[in-house]
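# Geometric and topological summary
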Amino acid sequence: ALSVILQFVQLVRTIRNRSQRSAKLEYELLQSRIAVMLSQIQPHFLFNTLNDIRFLYRESPAQAEEALVSFTRYLRSNMDSLTQTDLIPFGQELSHVQNYINIEKIRFGDRLKVDYAIACTQFFIPVLTVQPLVENAIRHGVTKKREGGTVTIRTFEDARGFVIEVCDDGVGFDPALPGCDGQMHTGILNVRTRLQNMCGGSLEIASCPGKGTTSIVRIPKEHHHENTGD
């Protein structure tokens, strides 16, 4: 009888410890989502975007209206991310990215070109995974060149899983230099953490001065099926 009681006590402790670890993980993920969202909706970004739309209304009201719609959808998606605890369809994230790009095109015009090479969309990722990578490519890559450049967003499926690539032909950086670890945007570290914790994914960033930067997200199929119930 004593051994049964001891086993029961041990079981209760195990369940409690797992519950505490789970609660801690959920809290950390929430903090990561908040950090990513706040890093993207900084006051200067809001001010600059609204100011750009205001000036655009004078020259092209129709374009200004489209820009305002994109901006509203962008803000709504960021706010919704705070309550999103599950993986989301890639198509949903891609829509958010497109809204963001529409906003940046107001400011940078023809200096910013974007190519899409989307070979697959039937997979799931953590919310706000791709947008910070695209922002990095625009803000720290192509728009640092006077003539601008091109950001390419590519997806494909291989034997191991699903791959997302965000490439730019911007100024690049030297990974060997102190502080140049591919985390120029404050959201990048959070993206990497959430990928690992939520779907066993990974983020790799490679760059070369004068040639550009490539960010590669990998979503393993085994973790993907476990988290989506496929």
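The structure under discussion appears in the preceding block.
Residues numbered from 1 in each chain as written. Predicted model: local features only at pLDDT ≥ 70, side-chain atom pairs only at ≥ 80, totals over all residues. Heavy atoms only, no water.

## What to know about the overall build of the protein chain
Selection criterion: To qualify as a helix, a DSSP run of H or I must reach at least 4 residues; to qualify as a strand, a run of E must reach at least 2; elements of each kind are numbered from the N terminus. Residue exposure ignores everything except the shown protein chains as possible cover, and the areas themselves are Shrake-Rupley values with a 1.4 Å probe.
For the protein chain, the helix and strand inventory stands at seven helices and seven strands. For the protein chain, the α and β elements follow one another from N to C terminus as α-α-α-β-α-β-β-α-β-β-α-β-β-α. When the accessible surface of the protein chain is split by element, carbon and sulfur atoms take 55% of a total near 12400 Å².

## Quick notes on helix α5 (residues 130–139)
Threshold: For every residue, the accessible area obtained with a 1.4 Å probe (protein chains only) is divided by the maximum for its type, and the residue is called buried under 20%, exposed over 50%, and partly exposed between those limits.
Here α5 lies mainly inside the structure; 10 of its 10 residues are buried. Residues of α5 that are buried: Val 130, Gln 131, Pro 132, Leu 133, Val 134, Glu 135, Asn 136, Ala 137, Ile 138 and Arg 139.

## What about the sheet that holds strand β7 (residues 212–220)?
This is how it is decided: A pair of strands counts as paired when DSSP detects no fewer than two bridges linking them. Angles here are taken between N-to-C directions and fall from 0 to 180 degrees, while the axes themselves are lines fitted to C-alpha atoms, restricted in helices to the stretch in contact. Contacts were defined at the residue level, with two residues in contact if any of their heavy atoms lie within 4.5 Å.
If you trace the five strands from one edge of the open sheet to the other, you get β2-β4-β5-β7-β6, paired in mixed fashion. The open sheet has two free edges, formed respectively by β2 (112–118) and β6 (202–208), since each of these has just one partner strand. For this sheet the average axis-to-axis angle between neighbouring strands, irrespective of direction, equals 10 degrees. Note: β2 against strand β4 (residues 149–157), seven bridges, orientation parallel. Bridge assignment links Asp 115 to a residue of β4, and that residue is Thr 152. Where helix α4 (residues 90–108) meets the sheet, it contacts β2, β4 and β5 (161–168), and its direction lies at approximately 165 degrees from that of β2. Strand contacts of α5: β2, β4, β5, β6 and β7, with the helix running at about 20 degrees to β5, the strand carrying the most contacts.

## Examining the pattern of salt bridges
Put simply, the test is: A carboxyl oxygen of Asp or Glu within 4 Å of a side-chain nitrogen of Lys or Arg is what we treat as a salt bridge.
The tally for this structure, following the rule as stated, stands at eight salt bridges. For the salt bridge of Glu 104 with Arg 139, the shortest nitrogen-to-oxygen distance reads 2.5 Å. Highlighted residues: Glu 104 in helix α4 and Arg 139 in helix α5, separated in sequence by 35 residues. Glu 104 sits in the buried class, given a relative accessible area of 0%. Across the salt bridge formed by Glu 204 and Arg 218, the nearest N and O atoms sit 3.9 Å from each other. On the criterion of sequence distance, the pair formed by Glu 204 in strand β6 and Arg 218 in strand β7 is long-range, its members being 14 residues apart. With relative accessibility at 25%, the residue Arg 218 sits in the partly exposed group.

## Section: the environment of Asp 158
Inclusion rule: Counted as a polar contact is a pair of N or O atoms within 3.5 Å, where, for protein atoms, one must be capable of donating a hydrogen and the other of accepting one, and residues adjacent in sequence contribute only when both atoms are in side chains.
As for its placement among the helices and strands, Asp 158 is situated in the loop between β4 and β5. Relative accessible area serves as the criterion here: at 23%, Asp 158 is assigned to the partly exposed category. On a C-alpha basis, the gap between Asp 158 and Lys 221 in space is 9.5 Å, while along the polypeptide they are 63 residues apart. Apart from residues lying up to four places away in sequence, Asp 158 is in contact with Val 163, Arg 218 and Lys 221. Engagement of the side chain of Asp 158 in a polar contact is seen with the backbone nitrogen of Arg 160, the distance being 3.0 Å.

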